[in-house]
Amino acid sequence: MASLAFSASRTNLSPCHFAGSDTPKQAGEGPALGKSIFPRKQNTSGLTVTNVATKLPPTVLSPQKEVSGHRKLAAWTSVRQERWEGELVVEGEIPLWLDGTYLRNGPGLWHIGDYNFRHLFDGYATLVRLHFENGRLMMGHRQIESEAYKAAKRNKRLCYREFSEVPKPGNFLAYIGDLANLFSGASLTDNANTGVVKLGDGRVVCITETMKGSIEIDPNTLDTIGKFEYSDTLGGLIHSAHPIVTDTEFLTLLPDLINPGYLVVRMEPGSNERKLIGRVNCRGGPAPGWVHSFPVTEHYIVVPEMPLRYCAQNLLKAEPTPLYKFEWHPESKAFVHVMCKASGKIVASVEVPLYVTFHFINAYEETDEDGRVTAVVADCCEHNADTSILDKLRLQNLRTSSGKDVLPDARVGRFVIPLDGSPYGKLEAALDPDEHGRGMDMCSINPAFLGKKYRYAYACGAQRPCYFPTPSLRLDLVEKKAKNWFDEGSVPSEPFFVARPGGTEEDDGVVISMISDKNGEGYALILDGSTFEEIARAKFPYGLPYGLHGCWVPKK
């Protein structure tokens, strides 16, 4: 795409350098980033400026279509160039133990030529890298080279089905061909724009909800290595966008759209073969409920069945419906199923109040005085069974709603699923929603507490009035309190917790987030995991689009 062409200075490069695309240098472009040359000085925020690189180079805006009235905040605009790399100015002190790479994935390019996409989830994937070493910070970003992205660049038009976008067929025969390709999966996107995970064998994979949208990348260069091909014969077209990944296993759910249910599968490190643990049959509705994410405990896998269900008819439509590829079926009721990891047997299947969630936070087991498991507790970012959150994420809404209080209410929804054969489970707020402004999403925890009883979670909440989650939160689920970090007019991405090696406390670590600020710029933010006070920040050369989910790759 012509709009992605950008020049870069190739002069004065140091080991910590600036890199852009390979087009010729623009006149008047600044120098590349190099080693620290400036003495310490005091910043107006009270943070000490350290580890300063040379002057940040100016950037050239790509000739993309701007949206009237929304030129400042970069969160909802396409990334300015295809790639960038350089060392950042650090204000404050990055802990020396923070040694590794934070990767964040998300949609970052929402236009092709003069055509603008409609929904946040449609954008082509932009991968951002923050590399921490000896108190210094290198940043880079790059587009993931999916077939969908490369075809769009080559043909200057949409070529695959995205979340809300469908290629426009040239004639009736082309339309019939597109339907055939939809059922075979050939026309579904491989635009891996949702998450990024580090497998137990060290491979790093970017993912989305289409199975073909699993792409391996190099965490050091951000190069696209190629498709992550599953070697089994389980089939299917879609899977959960949030697998459970540890050093020892990879767990995910495969919705069965033909015979409504879910396959629960496991993949071992070093393998591309998923093996079946068990199957859950849906208890209601014409199709499985959406499973964007799911939680696990030490011994169980929790399979949610929302009444927000996949809808084949909506998939076939050329124009999006308000619920896109889903349909709301409250009459079908809502359920939660619990499967034993070891045997694949279902140990509980309960009806619960209606719910809508994108993201589960964590789950754990409750035991009696004899150590027997009596219940499973699962926490999620729950939207009060309100499906309107999907349509609120249309780009036009995000670009024109600043200052309006239109963010639907949300809470930390806590499911309690008894294992005594009871037909019903509970769903209630784990803490007063007013503690976090009745907004809740984009969560992380200390990974050492995955599937275990835990106290702290980090998420994005609301500072009313707001149209999108704006403050970053530290939630104390024992004291039922929330601390927040807030920069008025700015939009933070997922607050990601990185534990301090050797730490013994659950909140001993830092929280990393990327901020789009109200002036059109952006910066990396590092907060203390315990006090939730800012300890460092580093300004980006320009504002970046809003990103979704990330992972931590420790230094080997």
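A short tour of the structure in this document, coming up. (Residues numbered from 1 in each chain as written. Predicted model: local features only at pLDDT ≥ 70, side-chain atom pairs only at ≥ 80, totals over all residues. Heavy atoms only, no water.)

So, the state of the cysteines
Piece 1. For the structure on display, the rule yields 0 disulfides.
Piece 2. The thiol of C206 is unpaired, and the distance to the nearest cysteine sulfur, on C551, comes to 8.0 Å.
Piece 3. Looking at C206, the relative accessible area reads 0%, which means it is buried. (Disulfide = S-S within 2.5 Å. Buried < 20%, exposed > 50% of the residue type's maximum accessible area, 1.4 Å probe, protein only.)

Overview of the packing of aromatic side chains
Piece 1. Inspection of every chain in the model, using the stated rule, returns 22 aromatic pairs.
Piece 2. With a centroid separation of 6.2 Å and 45 degrees between ring planes, the pair formed by F132 and W552 is classed as tilted. Of this pair, F132 sits in strand 9 (residues 124-133) while W552 sits in strand 37 (residues 549-554); the two residues are 420 residues apart in sequence, bridging distant segments of the chain.
Piece 3. With a relative accessible area of 0%, F132 lands in the buried category. (Phe/Tyr/Trp six-rings, centres within 6.5 Å; stacked < 30°, edge-to-face > 60°. Helix = DSSP H or I, 4+ residues; strand = E, 2+ residues; numbered from the N terminus.)

A few points about the sheet that holds strand 25 (residues 373-382)
Piece 1. The 4 strands are arranged 24-25-26-27 in an open sheet whose pairing can be described as antiparallel. A single partner strand is all that each edge strand has here, and the edge strands are strand 24 (357-367) and strand 27 (426-429). Across this sheet, the average inter-strand angle for adjacent strands is 25 degrees, counted without regard to direction.
Piece 2. Note that strand 24 and strand 25 share 8 bridges and pair antiparallel. The residue of strand 25 that forms the bridge with E365 is V376. (Pairing = 2+ DSSP bridges. Axes fitted to C-alpha atoms, helices over the stretch in contact; angles between N-to-C directions.)

Concerning the pattern of salt bridges
Piece 1. Under the definition given, this model contains 32 salt bridges.
Piece 2. Close ionic contact of D190 with K227 constitutes a salt bridge, the shortest N to O distance being 2.7 Å. Of this pair, D190 sits in the loop between helix 2 (172-184) and strand 11 (195-198) while K227 sits in strand 14 (residues 224-227), placing them 37 residues apart in sequence.
Piece 3. Here K227 falls in the partly exposed class, since its relative accessible area comes to 35%.
Piece 4. One salt bridge connects D409 with R438, and the closest N-O pair in it is separated by 3.3 Å. Taken together, the residues D409 in the loop between helix 5 (395-400) and strand 26 (411-418) and R438 in the loop between strand 27 and strand 28 (441-444) connect sequence positions 29 residues apart.
Piece 5. The partly exposed category is assigned to D409, whose relative accessible area is 33%.
Piece 6. Connected via shared salt-bridge partners are D405, D409, D434, R438 and R464. (Salt bridge = Lys/Arg side-chain N within 4 Å of Asp/Glu carboxyl O.)

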